[in-house]
Amino acid sequence: MDGMIPVSENEVLFEDLVRSVHDCAPIEVLELANRYGERIGLSGITLYLTDLQQRLLIPLTGGPALGVDATMAGEAYRSETLRLGEDDGELSLWLPLRDGADRMGVLNVRTPLLDEPTLRRCQALASLLALTVTSKRAYSDTYVLRTRTRPVELRTEMLRAFLPPRTLGTSRGVSTAVLEPAYELGGDAFDHSITQDVLHATILDAMGHDLASGLTASVAMAGARGARRNGADLAELTASVEKALTDWLPERFCTAVFTTLNLSTGEFAWVNCAHPAPLLLRHGRLLEDALERAPEVPLGLGEVLAAEPRTVHRIQLEPGDRVLLHTDGVTEAHDSEGRMFGPERFADFVIRATAADEPAPETLRRLIHAIHDHQHGSFTDDATMMLLEWHPDDGVPRPRTG
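Residues numbered from 1 in each chain as written. Predicted model: local features only at pLDDT ≥ 70, side-chain atom pairs only at ≥ 80, totals over all residues. Heavy atoms only, no water.

Helix and strand counts for the chain stand at 12 helices and 17 strands. Over its C-alpha trace the chain gives a radius of gyration of 23 Å, about what one expects of a compact globule, namely 21 Å for 402 residues. When its C-alpha atoms are laid out on the principal axes, the chain stretches across 70 × 50 × 40 Å. Contacts spanning at least 24 positions in sequence make up 66% of the contacts within the chain whose residues lie at least 6 apart. (Helix = DSSP H or I, 4+ residues; strand = E, 2+ residues; numbered from the N terminus. Rg over C-alpha atoms; globule rule 2.2 N^0.38 Å. Contact = heavy atoms within 4.5 Å.)

This is the structure we're talking about:
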């Protein structure tokens, strides 16, 4: 018909691939992708997912794992940009694999030649495979089995079932988190979500390092999510978590920080329940005590709280500000001689990474590894960090700082 754009054979092949992946098992998707690649002139496709600790990129269809810190594949993962090399006379293209803002791994495409249409098809294939892996890992253990390097403990399995993706965000703001020990978590946890223009972020540290600790953190996360999804504000959300713990786990408690960041205005609000204070980084420096407030009791002490309602604190952020949330296992991490990692080293690490224009998820990945190395690989306590960034579009009116 006049005015209609003709459909190319390559477009038809891609549409067939999209329709086919719905009915495929997790690994069959990669076989389909390879057949699609052959039809459009590619000589090989390999999908790599990162392991729990983000040290390795593991191929889903067999073969050696690649280090994140010392390979071209790792460079694509770390920088979140494509990399091009040569392998046995062919071009080797490494494309970052992402679920939204969350880094999942990389896709390797080998091809005898690379022009602009081929590059666009490779990028579309990477996007499709990222979406497919995200949807299928929700009900299949296939990807998990390939990306864990050893078994996890029971309490860790329970907590990980509740954890969201490490990173989420939009063009105006990002939240990213890491936690260790990856395979032996005790009671640390994090949660984040975006509702319309508001980024919600929570960090928790439950008492103890046993199964009950994991259960405490899980109940607290469920209480926060339930309240948030019912439209609760921060004060109501905190009260909901308090009630959940006192009703169901009356002898357990946890510390926490519940936050919201309005991505339109930059207003940052938080409730601190006996947790280490958030840190504010602005213009390449730490603003000392900017988010330090009078301490309040932990969650789970309902009788004590009855006379002391929680306080919602508010501050106006500036574009480019970063807020760091952490558990005490981060700053109190110590080496064999008792030397603490400390809040100053913690903040300085992030400041230097910011100056180097490093992506926030990569900053936390390297930072948690630095803490791991400081303790010579032995975590004496859970260590969890969250990093929130606000970078609004230019020209958006914002309230005055007050």
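Here the focus is unusual backbone geometry. Cis geometry is found at the peptide bond from glutamate 180 to proline 181, where omega equals 0°. Mapping proline 181 onto the fold places it in the loop between β8 (173-180) and β9 (188-195). For aspartate 88, which is not glycine, the phi torsion reads 55° and is therefore positive. By the element assignment, aspartate 88 lies in the loop between β4 (83-87) and β5 (90-99). Judged by its relative accessible area of 78%, aspartate 88 falls in the exposed class. Residue aspartate 357 is not a glycine yet carries a positive backbone phi of 60°. For aspartate 357, a relative accessible area of 70% gives the class exposed. (Buried < 20%, exposed > 50% of the residue type's maximum accessible area, 1.4 Å probe, protein only.)

With respect to the helices and strands, aspartate 191 occurs in strand β9. Here arginine 228 takes part through its side chain, which lies 3.2 Å from a polar atom of the side chain of aspartate 191. Once you skip the residues sitting within four places of it in the chain, aspartate 191 turns out to touch Pro164, His200, Ala201, Thr202, Met221, Arg225, Arg228 and Met386. (Polar contact = N/O pair within 3.5 Å; in protein donor to acceptor, adjacent residues only side chain to side chain.)

The next point concerns the domain arrangement of the chain. Taken domain by domain, the chain consists of domain 1 (9-145) and domain 2 (153-390). Spacing between the C-alpha centres of domain 1 and domain 2 amounts to 32 Å. Facing 15 residues of domain 1, the contacting portion of domain 2 comprises 17 residues. When domain 1 packs against domain 2, close to 1400 Å² is buried across both sides, 45% of that on carbon and sulfur atoms. The tally of links between domain 1 and domain 2 comes to two salt bridges. The residue arginine 103 makes a salt bridge to glutamate 362 at a minimum N-O spacing of 3.0 Å. (Domains from an automatic or database assignment. Buried area = accessible area lost by both parts, 1.4 Å probe. Salt bridge = Lys/Arg side-chain N within 4 Å of Asp/Glu carboxyl O.)

Let us look at the pairing of strand β12 (residues 267-273). Counting buried positions along β12 gives six out of seven residues, so the element sits mostly inside the fold. Between the antiparallel neighbours strand β11 (residues 254-262) and β12 lie four residues, among them glycine 266 with a positive phi of about 85°. The sheet contact formed by β12 and strand β15 (residues 313-316) spans four bridges and is antiparallel. What sits directly across from alanine 269, in β15, is arginine 314. (Pairing = 2+ DSSP bridges.)

Our next topic: the sheet that holds β5. Spatially, six strands are ordered β3-β2-β1-β6-β5-β4 in an open sheet, and the strand pairing comes out antiparallel. Sheet topology places β3 (66-67) and β4 at the edges, where each strand pairs with a single neighbour. Looking at chain direction, strand β1 (residues 44-50) and strand β2 (residues 56-59) are connected through three bridges and run antiparallel. Paired with threonine 50 across the bridge in β2 is leucine 57. Each of β1, β5 and β6 (102-111) is contacted by helix α4 (residues 116-136), which is oriented at about 40° to β5, the strand it contacts most. (Axes fitted to C-alpha atoms, helices over the stretch in contact; angles between N-to-C directions.)

Turning to the pattern of salt bridges, a few remarks are in order. Once the charged atoms of two side chains with opposite charge are near each other, the side chains can pair. Applying the stated rule across the entire model yields 23 salt bridges. One salt bridge in this structure joins glutamate 184 and arginine 150, with 3.4 Å as the shortest N-O distance. Pair noted here: glutamate 184 is in the loop between β8 and β9 and arginine 150 is in the loop between α5 (142-147) and α6 (154-162), with a separation of 34 residues, a long-range link. Assessed through its relative accessible area of 36%, arginine 150 is described here as partly exposed. The structure contains a network of salt bridges with shared partners spanning Asp69, Arg103, Glu362 and Arg365.

What follows is about a negative patch on the surface. On the surface, a cluster of negative charge is contributed by Glu288, Asp289, Glu292 and Glu344. The topology assignment puts aspartate 289 in the loop between β14 (285-286) and α9 (302-305). Aspartate 289 gets classed as exposed once you look at its relative accessible area, which sits at 54%. (Patch = residues over 30% accessible without salt bridge, like charges linked within 9 Å, V, L, I, M, F, W, Y side chains within 5 Å. Areas by Shrake-Rupley, 256 points an atom, 1.4 Å probe, with all protein chains shown as cover. Lys, Arg positive; Asp, Glu negative; His and termini not counted. Charge placed at Lys NZ, Arg CZ, Asp CG, Glu CD.)

For methionine 221, the location among the structural elements is in helix α7 (residues 211-229). Leaving out residues up to four positions away in the same chain, methionine 221 has contacts with Leu159, Phe162, Leu163, Ala189, Phe190, Asp191 and Leu204.

The next thing to look at is the side chain of histidine 200. If you trace the backbone, histidine 200 turns up in strand β10 (residues 198-206). Since its relative accessible area comes to 14%, histidine 200 is described here as buried. Setting aside residues no more than four positions away along its own chain, histidine 200 makes contact with Asp191, His192, Ser193, Thr195, Arg228, Thr259 and Thr260.

The hairpin formed by β1 and β2 contains five residues between the paired strands, and glutamine 54 there has a positive phi angle of roughly 55°. Linkage of β2 to β3, two consecutive antiparallel strands, is achieved through a turn of six residues, within which glycine 62 is found at a positive phi near 95°.

Inspection of the secondary structure assignment puts histidine 374 in helix α12 (residues 360-374). In this structure histidine 374 comes out as buried when scored by relative accessible area, which is 11%. Considering only alpha carbons, one finds histidine 374 and methionine 340, 34 residues apart in sequence, at a separation of 8.8 Å.

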